[in-house]
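Descriptive structure summary
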Amino acid sequence: IGCLQLILMSIKNGIDDKNFIINSSRSASISGNINHATQILNLAKKSNFVISPSEYKLTKVLSVSQRNSLRALRRFKSIKRILTKEQESFVSMVVGSSLLGITHSSTLNLVKVGISSVNNQPVNVLESTARVALRYGDWGLLEIVIQAMPVYLQKTPKWKYWKAQLLLKEGEKVKSAKLLDSIKPPWSFYGMLSGEELARIYNPKKHISYRIPTIDQDFKEILNSNSFKTALLLYEVGLYREGRMEWENVLRKKTDKSLINIAKYLSSQGIFDRSISAALKTKNEHNFYLRFPIPYKKIVKEEARSHKISPSLIMSLMRQESRFKEKIVSPAGAIGLMQLMPSTARSVARKIKLKSVGKKSLSNPIINVKLGSSYLENLFSKFKGSALLSVAAYNAGPSRSRKWKRSLRMEISGAAFTESIPFDETRDYVKFVLSGAVMYSRLYDQKSTWNSEIQKKSFLTLQSLLTKIQP
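Position labels on residues start from 1 in each chain and follow its written sequence. Reporting of local features is limited, given that this is a predicted model, to residues whose pLDDT is at least 70; pairs of side-chain atoms are given and counted only at 80 or more, and all residues count toward the totals for whole chains, interfaces and linings. Only hydrogens and water are removed before side-chain values are computed, so all heavy atoms of the structure are retained for them.

**A look at the overall build of the chain**
Applied cut-off: A run of H or I in DSSP counts as a helix once it spans at least four residues, and a run of E counts as a strand once it spans at least two, with each numbered from the N terminus. For this measure, only C-alpha atoms enter the radius of gyration; the expected value for a globule follows 2.2 Å times N^0.38, where N is the number of residues. The contact criterion used is simple: two residues touch if any of their non-hydrogen atoms lie within 4.5 Å. Areas reported here follow the Shrake-Rupley algorithm with a probe of radius 1.4 Å; residue values treat only the protein chains shown as occluding.
Along the backbone of the chain there are 29 helices and two strands. Taken over C-alpha atoms, the radius of gyration comes to 25 Å for the chain, in line with the 23 Å a tight globule of 471 residues would show. C-alpha extents for the chain along the principal axes are approximately 75 × 55 × 50 Å. Summarising the internal contacts of the chain: among those between residues at least 6 apart in sequence, 62% fall at separations of at least 24. Working note: accessible area of the chain is about 22,800 Å², and carbon and sulfur atoms make up 52% of it.

What follows is the structure, given as structure tokens:
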């Protein structure tokens, strides 16, 4: 709303040109704010800017593009004849990039038709278009889109990595390596991937800052504060939104030393979700054992051995799904440590001949991990051992994972497939689970933690989990 008021104010004061007005209106439409877009255009008309009727038609197409890409495509086709070349180019890229979500056959062609509008596109459309380029292996398109991104966006780890891959394709090995080397932190998805490409296997055990500092006075004051107690109570009774607000207030401006001590205390109390949250806040001093704890170790070891899946992967998936809260229930109804939907749990239970499984029993760690691991093994079987496709399917469903795979026109790297996943949630989920599995492997791959029979197979690299994905 504040942004809209500033735009309207600038139009009234005559300090903006038509391009700025049109781009502002279109950005508002793409964000779903068609009323804002209309206000901008109407005020521009009153201020003696010439706004064509087709621009109003165009905003209606843009406003549904991010919610219903197929409807946007139909609307685009119905008004195409009245659009100018510039308008057609702009809408083509927006609609084409949005069609990636449903793996539509027109996706790449529409994006390429709209390439002349690349410098006028908002950031979210540029990123979606770059993902189209990755999905279809169009390196020329990818280069154009990355160059059109704002500098701050080009400097983010994901687009740094893909810029480095472009340099490598062009034979610029030294420049590529230098760019890969600049991607930090080394334990993030792209930091880890870059390190492996440079033959550097990151070992969190050797990170000098992983040590646990001694108790400090600030830490004791925090534990005794009303905010700390209130935050934990709100989480305990299921008021997560309110609890998160209170918890953020507790951790605000705390030193790394205090954060690690808070995390250590909470871990000792079995409150792993808040412990991980505090440990993740540190900026310079890090304790990776607190970020990646191993509760339910015995259960995970047994299920990993039974289903021949890396215990590091099971533990990472569980960490991502529930942060180790046994009784947590998602808004969609998924229950327990591995966040199983009751219908999925019943289906798996029948296959492994487990007696009737109700919602209450899914809060039992032994039952939940057994069913979750069995389901994960089933996904591995469906996707021929691909950890990437199986983890994506665990989050988004097997049909979507299968559909994304079938939409490929050629073999692409697992990294390209991951970044081109059209759902933000699933894309981030895959990155967190796979990179987390590697961190667990680095921290705990020893006979005292994982069973020696599994240990040989569980030492992981990100590349080994991603592999290449074929149509």
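**Some remarks on the side chain of Asp 256**
What counts here: Here's how the labels work: a residue is buried when its accessible area is under 20% of the maximum for its type, exposed when over 50%, partly exposed in between, all with a 1.4 Å probe on protein chains only. Counting rule for charge: Lys and Arg are taken as positive, Asp and Glu as negative, and neither His nor the chain ends is counted. For this document, the term salt bridge refers to a Lys or Arg side-chain nitrogen within 4 Å of an Asp or Glu carboxyl oxygen.
By the secondary structure assignment, Asp 256 is in helix 17 (residues 256-268). Lys 283 provides the closest opposite charge to the buried, unpaired Asp 256, separated from it by 5.9 Å. Among all residues touching Asp 256, those that are not within four sequence positions of it are Thr 282, Lys 283, Asn 284 and Glu 285.

**Thoughts on the packing of helix 20 (residues 297-307) against helix 21 (residues 311-322)**
Quick reminder of the rule: Between N-to-C directions, angles cover 0 to 180 degrees, with each direction set by a line fitted to C-alpha atoms, over the stretch in contact for helices. These descriptions rest on fixed angle ranges, namely under 35 degrees for roughly parallel, over 145 for roughly antiparallel, 65 to 115 for roughly perpendicular, and the rest for oblique. Handedness of a crossing is defined here by the sense of rotation of the near helix relative to the far one, left-handed for an anticlockwise turn of less than a right angle and right-handed for a clockwise turn. Each residue is assigned to one class: nonpolar for Ala, Val, Leu, Ile, Met, Phe, Trp, Tyr, Cys and Pro, charged for Asp, Glu, Lys and Arg, and polar for all the others, Gly among them.
At a closest axis distance of 9 Å, the pairing of helix 20 and helix 21 adopts a crossing angle of 130°. Taken together, the axes of helix 20 and helix 21 are oblique relative to one another. Pair helix 20 / helix 21 crosses with right-handed handedness. Note on element contacts: helix 21 touches helix 20 through Pro 311, Ile 314, Met 315 and Met 318, opposite Lys 297, Val 300, Glu 303 and Ala 304. In the contact of helix 20 with helix 21, the residues fall into six nonpolar, no polar and two charged.

**Section: the packing of aromatic side chains**
Note the cut-off: Only Phe, Tyr and Trp rings are paired, with Trp represented by its six-membered ring, and only when their centres lie within 6.5 Å; those with planes under 30 degrees apart are stacked, over 60 edge-to-face, the remainder tilted.
Within this structure, the stated rule accounts for 15 aromatic pairs. Relative to Tyr 440, the ring of Phe 292 has its centre 5.4 Å away and its plane inclined at 85°; by these criteria the two rings are edge-to-face. Taken together, the residues Phe 292 in the loop between helix 19 (288-291) and helix 20 and Tyr 440 in helix 27 (residues 424-444) connect sequence positions 148 residues apart. For the pair formed by Phe 292 and Tyr 440, the shared burial category is buried. Three or more aromatic residues joined by ring pairs make a cluster, and in this case those are Trp 139, Tyr 161, Trp 162, Phe 189 and Tyr 190.

**Focus on the pattern of salt bridges**
Summed over the entire model, instances satisfying the criterion amount to 14 salt bridges. Across the salt bridge formed by Asp 138 and Lys 112, the nearest N and O atoms sit 3.1 Å from each other. With Asp 138 in the loop between helix 8 (123-135) and helix 9 (139-148) and Lys 112 in helix 7 (residues 107-113), this pair connects stretches of sequence that are 26 residues apart. Among the residues examined, Lys 112 registers a relative accessible area of 44% and is labelled partly exposed. One salt bridge in this structure joins Glu 419 and Arg 427, with 3.7 Å as the shortest N-O distance. Of the two residues examined, Glu 419 and Arg 427, each falls in the buried class. One salt-bridge network, in which partners are shared between bridges, spans Arg 131, Glu 419, Asp 424, Arg 427 and Lys 431.

**Points about a positive patch on the surface**
The condition that has to hold: Candidate patch residues must exceed 30% relative accessible area and have no salt bridge, after which like charges are joined if within 9 Å and Val, Leu, Ile, Met, Phe, Trp or Tyr side chains if within 5 Å. Lys charges are placed at NZ, Arg charges at CZ, Asp charges at CG and Glu charges at CD.
Together, Lys 57, Lys 60, Arg 67, Arg 71, Arg 74, Arg 75 and Arg 81 line one region of the surface with positive charge. Breaking the positive patch down by element, the ones donating at least two residues are helix 4 (53-65) and helix 5 (69-79). If one sorts the elements of the positive patch by residue count, helix 5 sits on top with three residues. The exposure class assigned to Arg 74 is exposed, which follows from its relative accessible area of 51%.

**Focus: the packing of helix 1 (residues 2-12) against helix 3 (residues 34-46)**
Interaxial distance between helix 1 and helix 3 falls to 10 Å at its minimum, and their mutual angle equals 10°. Between helix 1 and helix 3, the angle falls in the class roughly parallel. Residue-level inspection shows Leu 4, Ile 7, Leu 8, Ile 11 and Lys 12 of helix 1 in contact with helix 3, the latter providing His 36, Gln 39, Ile 40, Leu 43 and Ala 44. Here the residues of the contact of helix 1 with helix 3 are counted per class, giving seven nonpolar, two polar and one charged.

**Here we look at a nonpolar patch on the surface**
A cluster of nonpolar side chains, namely Leu 233, Val 237 and Leu 239, defines an oily patch on the protein surface of about 270 Å² accessible area. Relative to the elements of secondary structure, Leu 239 occurs in the loop between helix 15 (226-236) and helix 16 (240-251). Leu 239 sits in the partly exposed class, given a relative accessible area of 39%.

**Here's the deal with the nonpolar core**
As a reminder of what qualifies: To form a nonpolar core, buried Ala, Val, Leu, Ile, Met, Phe, Trp, Tyr and Cys residues must be joined to one another through side-chain atoms within 4.5 Å.
Trp 162 and Leu 434 are the most contacted members of the largest nonpolar core, which has 111 residues in total. Element by element, the count of residues in this core is highest for helix 27, at 10 residues. What Trp 162 contacts, discounting residues up to four positions off in sequence, is Leu 134, Trp 139, Leu 142, Ile 146, Tyr 190, Ser 413, Ala 415, Ala 416 and Glu 419.

**Here we look at unusual backbone geometry**
In this chain, Lys 184 is followed by Pro 185 through a cis amide linkage whose omega measures -5°. Take Pro 185: it is sitting in the loop between helix 12 (173-181) and helix 13 (189-197). Here the phi dihedral of Tyr 296 falls at roughly 60°; this positive angle occurs in a residue that is not glycine. Mapping Tyr 296 onto the fold places it in the loop between helix 19 and helix 20. Not every positive phi belongs to a glycine, and Lys 384 is a case in point at roughly 50°.

Geometry only, nothing functional implied.
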